[in-house]
Amino acid sequence: MANVVIVGTQWGDEGKGKIVDLLTQYADYVVRFQGGNNAGHTLVVEGKKYVFHLIPSGILYDNKKCVIGNGVVIDPAILLEEMAKLSASGLPVNPSRLSISHNAHLIMPYHKLLDGACETAKKVGAKIGTTGRGIGPCYGDKVLRNGIKAGDILDRTLFGDKLRENVEEKNFLLTKKYQAAPISFEEIYDQYLAFGEQLAPFIGNVSVELDEARRSGKHILFEGAQGTQLDIDHGTYPFVTSSNTIAGNACTGSGFGPSHIDEVIGILKAYTTRVGEGPFPTELFDSTGDALQKKGGEFGATTGRKRRCGWLDAVLAREAVRLNGITGLAITKLDVLSGQPLLKVATAYENNGRRHLAMPGNIREVQGLKPCYEEINGWREDISRVRSINDLPIKARDYVKWIEDLTETPATILSVGPGREETLLLKNPFAK
C-alpha cells in the first residue's frame, strides 16, 4: 500500500495530467482534491488527445476508481458534459468508476457572472487574469458560509432555502454594483435539481470511502491542479488561484489523514511557463522564448491562451520542494530543450542591490525582481525516442543532475514527449 500526492511546482501547466495518467496504472484510486474547471489536464494516449477539467485523469483506465474531493468546486454542467463525452468515446462513467464528495461546493450561475463583472471592473494593471469560470466567487461563498454543496441539491427544501438567500444577495450586487441584469431563482432552482437527479448516484462521503480503501491496502493517488506559485497562501498573491494548491491540501481537500501520505511527487517543467497576469522573473521576450512556446505547444488547456515562456527558475523549484515536502521530481518537456545551444537556470533574484534566494512576500518587490542566471551547455539530439536514462545525451543528463543538485531532490520521472510511452520511470513511488 502507498499513497502518493502529485503537485505542480511552478504556475501550473507542468504536465501533471500525463504523470498522473502514467502512475494511475499502479494506483487503485485517483483523487482530485482542489480547484475547479479552471484547470485543464491534457493527455495523449495512443495518439488521441484528451482534456479533463474536473474528472481525474485516471478515468481512462477501466479498473480505477476516480474521486472528486470536498476541496474541489464543481460546475455541474461542465462535469456532466465531461461524463457525456467520455461515454460517447466508449468510456461510460458510472458510480463504480466515479465518486463525488457531498461536501464539494457547487459553482452557480451567479458565481460566473460575478467573476466576469469583477474582473471587468478592475483597472488595467490590477486584473488577475481569471478564467471567468466562477471559481473565486464560489470559494468566497464557501468561506463566508453561504455556499451550496453537492449534497444540498439532493434536498429540495434545503437547496431552495439556501438558493433564495443567495439570489437575493447576488442580485443586489449584480444590479447595484455592476449594473448587470438580475438572475432568476426559478431557473436556477429547476436546473440544479435536474443536475442533482443525474448526479445523485455519485454523491456520498468520500472521506469514509478513501479510509476504507486505505485500510484494505489500496494504492491512492492524489491529483492536484494548478501549481505551487498559484497557491492562495504561498503563491504570487494576488495573481493566484482561489485554493491551496500545495500538497497539504490533498488531505484537507479529501478528508484523508496526513500521516497516511507516503510520497509527494513535484512536476517540474524543464523550463518555466505562466498563463495570464502576474510576475514572471525568468520570462523571455526574444526568439528563444518564441521557440520554446512554439515547440512546446504552449497554449492553456482550459483557456487556449498563449503561455508566457522563460528559463527554468530554480528559486521556485526549491520553494516548491520546501512547501510541499517533495520527495521526487518528475521533469517534463525535457525534449523541448533539444537544440538549444545554451541553457540558463535562475538560481537567485536581485532587486535594488539585494539578493533573494526565495520569493519575497511583497508583490511590488516581486514585480521588480531580476533573475541571476547560471548556464550549462545544451544538447542537439532528438530525445523523444529515448527510453532509458543511459541513452540520454550526456549533456541532457548533466542538466537533470544540475536540477537535482539545485533542489536537493532526486528526479524520479523524466518526460521526453507528450505520449504515455515517452516517459522514463526512474523510480516508482508506489513500489515500497
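For the structure itself, look to the data block above.
Note that the structure is predicted; figures quoted are calculated from it, not measured.

## As for the sheet that holds strand S9 (residues 203-204)
In step 1: Strand order in the open sheet formed by ten strands is S9-S7-S5-S2-S10-S1-S11-S15-S19-S20, with mixed pairing between adjacent strands. Each edge of the open sheet is held by one strand with a lone partner, namely S9 and strand S20 (423-425).
In step 2: Both strand S1 (residues 3-8) and strand S10 (residues 220-223) contribute to a ladder of four bridges, which runs parallel. Considered in S10, the bridge of Val5 is made with Phe222.
In step 3: Set on the sheet, helix H1 (residues 16-24) makes contact with S1, strand S2 (29-32), S10, strand S11 (263-269), strand S15 (328-332), strand S19 (411-415) and S20; between it and S1 the angle comes to about 165 degrees.

## Here's the deal with the side chain of His219
In step 1: In this structure, His219 sits in the loop between helix H7 (206-215) and S10.
In step 2: A polar contact of 2.9 Å, which involves the side chain of His219, links it to the backbone nitrogen of Ala2.
In step 3: When residues no more than four places from it in sequence are discounted, the contact partners of His219 are Met1, Ala2, Asn3, Tyr26, Ala27, Asp28, Tyr29 and Phe430.

## Regarding helix H5 (residues 156-177)
In step 1: Taking 1.5 Å per residue as the helical rise, H5 with its 22 residues ought to reach 32 Å, and the 31 Å between its terminal C-alpha atoms agrees with that figure.
In step 2: Along H5, the residues classified as buried are Phe159, Gly160, Leu163, Asn166, Val167, Lys170, Asn171 and Leu174. The buried residues of H5 occupy an angular sector of 145 degrees when projected down its axis, which confines them to one face. Facing away from the buried surface of H5 by more than 90 degrees, the exposed residues are Thr157, Glu165, Glu168, Phe172, Lys176 and Lys177.
In step 3: Of the residues that open H5, the one with a side-chain oxygen 3.1 Å from the backbone nitrogen of Thr157 is Asp155.

## Topic: the packing of aromatic side chains
In step 1: The tally for this structure, following the rule as stated, stands at eight aromatic pairs.
In step 2: With centroids separated by 6.4 Å and ring planes inclined at 65 degrees, the aromatic side chains of Tyr399 and Trp402 adopt a geometry described as edge-to-face. With Tyr399 and Trp402 both in helix H12 (residues 394-407), this residue pair falls three residues apart, about one helical turn.
In step 3: We classify Tyr399 as buried; its relative accessible area is 1%.
In step 4: The buried category is assigned to Trp402, whose relative accessible area is 14%.
In step 5: Taken together, the ring pairs in this structure connect Phe159, Phe185, Tyr189, Tyr192 and Phe195 into an aromatic cluster.
In step 6: Taking the ring centre of Tyr61 as reference, the NZ or CZ of Lys64 above it sits at 5.9 Å.

## Points about the packing of helix H2 (residues 76-88) against helix H6 (residues 185-199)
In step 1: At their nearest, the axes of H2 and H6 sit 10 Å apart, and the two run at 40 degrees to each other. Here H2 lies oblique to H6, going by the angle between them. Handedness of the H2/H6 crossing: left-handed. Residues Pro76, Ala77, Leu79, Leu80 and Met83 of H2 lie in contact with H6, whose contacting residues are Tyr192, Phe195, Gln198 and Leu199.
In step 2: Residues belonging to the contact of H2 with H6 are distributed by class as follows: eight nonpolar, one polar and no charged.

Calculation notes
- Residues numbered from 1 in each chain as written.
- Predicted model: local features only at pLDDT ≥ 70, side-chain atom pairs only at ≥ 80, totals over all residues.
- Heavy atoms only, no water.
- Pairing = 2+ DSSP bridges.
- Helix = DSSP H or I, 4+ residues; strand = E, 2+ residues; numbered from the N terminus.
- Contact = heavy atoms within 4.5 Å.
- Axes fitted to C-alpha atoms, helices over the stretch in contact; angles between N-to-C directions.
- Polar contact = N/O pair within 3.5 Å; in protein donor to acceptor, adjacent residues only side chain to side chain.
- Expected span 1.5 Å × (residues − 1).
- Buried < 20%, exposed > 50% of the residue type's maximum accessible area, 1.4 Å probe, protein only.
- Arc of directions from axis to C-beta.
- Phe/Tyr/Trp six-rings, centres within 6.5 Å; stacked < 30°, edge-to-face > 60°.
- Lys NZ or Arg CZ within 6 Å of the ring centre and 35° of its normal.
- Parallel < 35°, antiparallel > 145°, perpendicular 65-115°, else oblique.
- Left-handed = near helix turned anticlockwise from the far one by under 90°.
- Nonpolar A, V, L, I, M, F, W, Y, C, P; charged D, E, K, R; others polar.

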